Amino acid sequence: MALTRYYLYLDESGSFRERGAAPSVVAGWIRRGRPMDEQEAKDLAHRVRRSSRDYGAIPLPFHGIEAARQGVAGVGGYAAALLSALTAADDIRLVHFVNQKHISIVDEPTTYLHVFCDGILALVSDLLEQTDGAFELHILAAQRQDDELRALKREGRIAAEEKIAIPHHAYRVRIDERLQTLIARLSSADQRRFRAYTFETGLGDRDWRLTLADAACFALRGGRENMTERECAHVDQLPCLRYEVPEKGAWEAIRDAFRHGRQAEAVSLWYGTYDGVLGDAYRTAFERAIGTYFARGGEQELAITCAILSETVRKLVQRRLFREADAFLAKLQDELYPLLAPRLTGRKQRLLDRVQFDGHFYRLTIATHEGDIAAAEREIAACDALLPRLPKTFESLDYDIRYQIRVIEHRKNTYDFAAARDALGRLATSMEELLDVVAMVDGFEDLGKGMISENLGRIKNSRAATLSLLAVEHPDDETLLAQAEDDARAALAHFAGDADRARVYEQLAEAQALRGAYADACASLAAAFGAEEGTPAAVLAALLQDGDGGAKAFGLLHYATIMSRALAAEDANGAGGNGKRAAGDADGGDAKTADAVGAAMMAAWDAAAAEIAPLLQDDAYPNDITLWRLASACARTGKKSRRDYAAACYRTAIAACRRIPDGKDAPAAVEDAAALPMELERAVLLPQQQDAHLEELLGHLAAFLARTDLPPALRACFADWPAILAPLAKADLAAKRDNLLALAARVPVL
């Protein structure tokens, strides 16, 4: 079934301080199927103005309140006529989020935030009912302005054409966090159908599409006194999706959760959704309520509450909402657990130990995904301290094994791949022996025959990834990739879920691409995303239809990696592709040449470029690595336009890897390391600014090796780089091209 796209354009009306008679609103319009460009919106505005002599004085772009303040005639009628013309199309409706109860939450920015986000979620809920199949929502909202600055502009103390907005980064971050948190509460089935959303801001009095949203705000609230009764009635009859939000005030929602036995939801609201919104008076009431519940509640009931809390965090981590999950866990660890600890004894205390262990386990998961080695080691220490206090049960064995796997994943981040491989081998042997034992137990013979284990599948797939990384370091050892492919195929036998199997197929594709079997790698990627055939166009189309944003991002990474390696394989000696020219297909037939596979993949990428570009706007991992692989592919085509695009991709990817996270003194070591092969490859492949790029590389390399927090194995990866690179001049880059590209290709990038 085809993917449906909705395009939502929003503005606001009201102070959100809620002191007046009319509640503040966020309003605008939504279109199904395709976006409206600014020229189309501009043409509509001019066409409506020409439709009546009464509208001849209306200034365009339209800004209703400003026109009304200036006493412009016909402003109310024009707004009504404009909205009538807009909604005459079957695919367009007005949208109206009303602060139904005049709720004021702390201050006007926070109130606006909740009306906006609760309105979006209410709209998404409606779209889930009204839309067959999957859909996306793309939002363009007017950037908010400070009322005092608006007043200064009206008084002439600020130039009328000058656009001064309050810093809106905080709005964007908080809106995105709250939307992601709310979406995470949808059912998994609904999350699969609601594929993605994007959120952008624009200038409400300059973007013609947003001036149409301004007209909606004017006609639905802010300018009603400038409209006749007939005009108001006409607007009220236009097709409109109206939502009264938020459903409850912050404290009312938390108190309601307590009243209906949803204590885990109350905790999530207090420490997550409404964090920092309510003051000390409410804090006392909340802490008394949650403390009393844990002190008096039954053990089974408390166990369910703790499990729901852990599941809330798991869903955030699964959606890669690491910042939101970490902030929530920090609140639980710093505020909730110290509050509860003195109130709990015996078996209740063990429940608290378990939920604290869960928290540290998920923070370890976040740290390993982000490559934060120091944070991971802190969380491992915290988990190890809690482990002796947890009951040892057969039922907890699954969880204990998952913790061991996560600790080994941390070893990969330290670049100790050999140790990780050996640890995974021992764990795999233990699991296989355990499964064999089940079949030997009286009464379990039939159950034990052919028993599968998702944990064993995870172990096998993790070892496949580790072997592939070792193969990058040791490209002459062909046994590593053979073992990696064997492990990946063995892992498939232990998974029934599509998402788990997709990850294994992606890992299989990685090993096949490293071996030079690029057509086989495309076929595995096709299996990962359910493509009907293994052609690059079919693979990319299926990948872009995937509903999981994280899966889509990693799918693009694997696609771009196969593409870049296929194109690199045709370089002299296969430099940059780990020395692997195109190998035979799995059936032993003639292989497609690497350049043919790479060219076909590039052509498919070009055809889908408009759809891919928004997905790569966020340059955080894994998109930074995807941009590097794309740069590598484009730099090898020989076309100047491609090289210019490659230069931009290299620049973005390198800057992303070297970006220092908030609260840190340096980039994550694994990210910092990834920038070095990017910089070396750029200096070799792009003829422009080679001297500057080489100088930048040498400076970064020196700074990197001067870091005191590098794991020994990671430092060893670059031990010979200074001696090789320091004597180089620009002329050497061409003469030693193949050797330098091979040097860059031998760095494992996580």
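Presented here is an overview of the structure given in this document. Throughout this description, residue numbers start from 1 for each chain and increase along the sequence as written. The predicted origin of the model limits local features to residues at a pLDDT of at least 70 and limits the giving and counting of side-chain atom pairs to 80 or more, whereas totals for whole chains, interfaces and linings rest on all residues. For the side-chain quantities, the full set of heavy atoms in the structure was used; hydrogens and water were omitted.

With that settled, the discussion passes to a nonpolar patch on the surface. Like charges within 9 Å and nonpolar side chains (Val, Leu, Ile, Met, Phe, Trp, Tyr) within 5 Å are joined into patches, using only residues over 30% in relative accessible area that form no salt bridge. Using a 1.4 Å probe, accessible areas were evaluated by the Shrake-Rupley method; residue-level cover was limited to the displayed protein chains. Any carboxyl oxygen of Asp or Glu within 4 Å of a side-chain nitrogen of Lys or Arg constitutes a salt bridge here. Taken together, Val-437, Met-440, Val-441, Phe-444 and Leu-447 make up a surface patch of nonpolar side chains, about 490 Å² in accessible area. Here a helix means four or more residues in a row that DSSP labels H or I, a strand means two or more in a row labelled E, and each is numbered from the N terminus. With respect to the helices and strands, the residue Met-440 is situated in helix H18 (residues 417-440).

Let us look at helix H25 (residues 549-568). Any helix carries an expected span of 1.5 Å times its number of residues minus one. With 20 residues, H25 ought to run about 28 Å at 1.5 Å a step, and its terminal C-alpha atoms sit 28 Å apart, in line with that. Under the scheme applied here, a residue whose accessible area is under 20% of the maximum for its type counts as buried, over 50% as exposed, and between as partly exposed, the area being computed with a 1.4 Å probe on protein chains only. Across the 20 residues that make up H25, a large majority, 16, are buried.

Stacked, tilted and edge-to-face pairs are distinguished by plane angle, under 30 degrees for stacked and over 60 for edge-to-face with tilted covering the rest, among Phe, Tyr and Trp rings (Trp via its six-membered ring) whose centres lie within 6.5 Å. According to the stated counting rule, one finds 23 aromatic pairs in the structure shown. Judged by centre distance (5.0 Å) and plane angle (70°), the ring pair of Phe-718 and Trp-721 falls under edge-to-face. Residue Phe-718 is classed as buried on the basis of its relative accessible area, which comes to 0%. Over the ring of Trp-628 we find Arg-629; its NZ or CZ atom is 4.3 Å from the centre of that ring. A positively charged side chain is recorded as over a ring if its NZ (Lys) or CZ (Arg) lies within 6 Å of the ring centre. The angle to the ring normal must also be within 35 degrees.

Here we come to unusual backbone geometry. Peptide bonds are, in most cases, trans, and in most cases residues other than glycine have a negative phi. A cis amide bond, omega 0°, links Leu-60 with the succeeding residue Pro-61. One can find Pro-61 in the loop between helix H1 (38-50) and helix H2 (64-69). Residue Pro-622 is bonded to the preceding Tyr-621 through a cis peptide linkage, with omega at 5°. Its place among the elements puts Pro-622 in the loop between helix H27 (609-612) and helix H28 (623-635). Even without being a glycine, Tyr-415 presents a positive backbone phi close to 70°. The residue Tyr-415 is located in the loop between helix H17 (397-413) and H18 in this model. Residue Tyr-415 is classed as buried on the basis of its relative accessible area of 3%. The backbone of Gln-689 shows a phi angle near 55°, a positive value even though the residue is not glycine. Structurally, Gln-689 is set in the loop between helix H30 (669-685) and helix H31 (690-705).

Counted under the stated rule, the structure contains 39 salt bridges. The salt bridge involving Glu-66 is made with Arg-69; its shortest N-O contact spans 3.2 Å. Residue Glu-66 and its partner Arg-69 are both found in helix H2; the two are separated by three residues, about one turn of the helix. Residue class for Glu-66 comes out partly exposed when judged on its relative accessible area of 29%. Linking Arg-389 and Asp-353 is a salt bridge whose minimum nitrogen-to-oxygen distance equals 2.7 Å. Of this pair, Arg-389 sits in the loop between helix H16 (373-386) and H17 while Asp-353 sits in helix H15 (residues 346-370), placing them 36 residues apart in sequence. Taking the relative accessible area as the measure of exposure, Arg-389 reaches 42% and is therefore partly exposed. Each of the salt bridges in this network shares a partner with another, and the network as a whole consists of Arg-5, Glu-136, Lys-552 and Glu-611.

Most of strand S1 (residues 4-13) sits inside the fold, with nine of its 10 residues counted as buried. Whether two strands pair comes down to DSSP finding at least two bridges between them. Sheet analysis places S1 next to strand S2 (residues 25-32), joined by eight bridges and oriented antiparallel. The residue of S2 that forms the bridge with Tyr-9 is Trp-29.

Now for H17. Taking 1.5 Å per residue as the helical rise, H17 with its 17 residues ought to reach 24 Å, and the 25 Å between its terminal C-alpha atoms agrees with that figure. Residues of H17 that are buried include every one of Tyr-399, Asp-400, Ile-401, Tyr-403, Ile-405, Arg-406, Ile-408, Glu-409, His-410, Lys-412 and Asn-413, and no others. A contact between two residues is defined here by any heavy atoms of the two lying within 4.5 Å. Close packing links the buried residues of H17 with H15, H16, H18, helix H20 (454-473) and H30. Just past H17, the residue Tyr-415 takes up positive phi, approximately 70°.

Function cannot be inferred from these measures alone, as they are strictly geometric.
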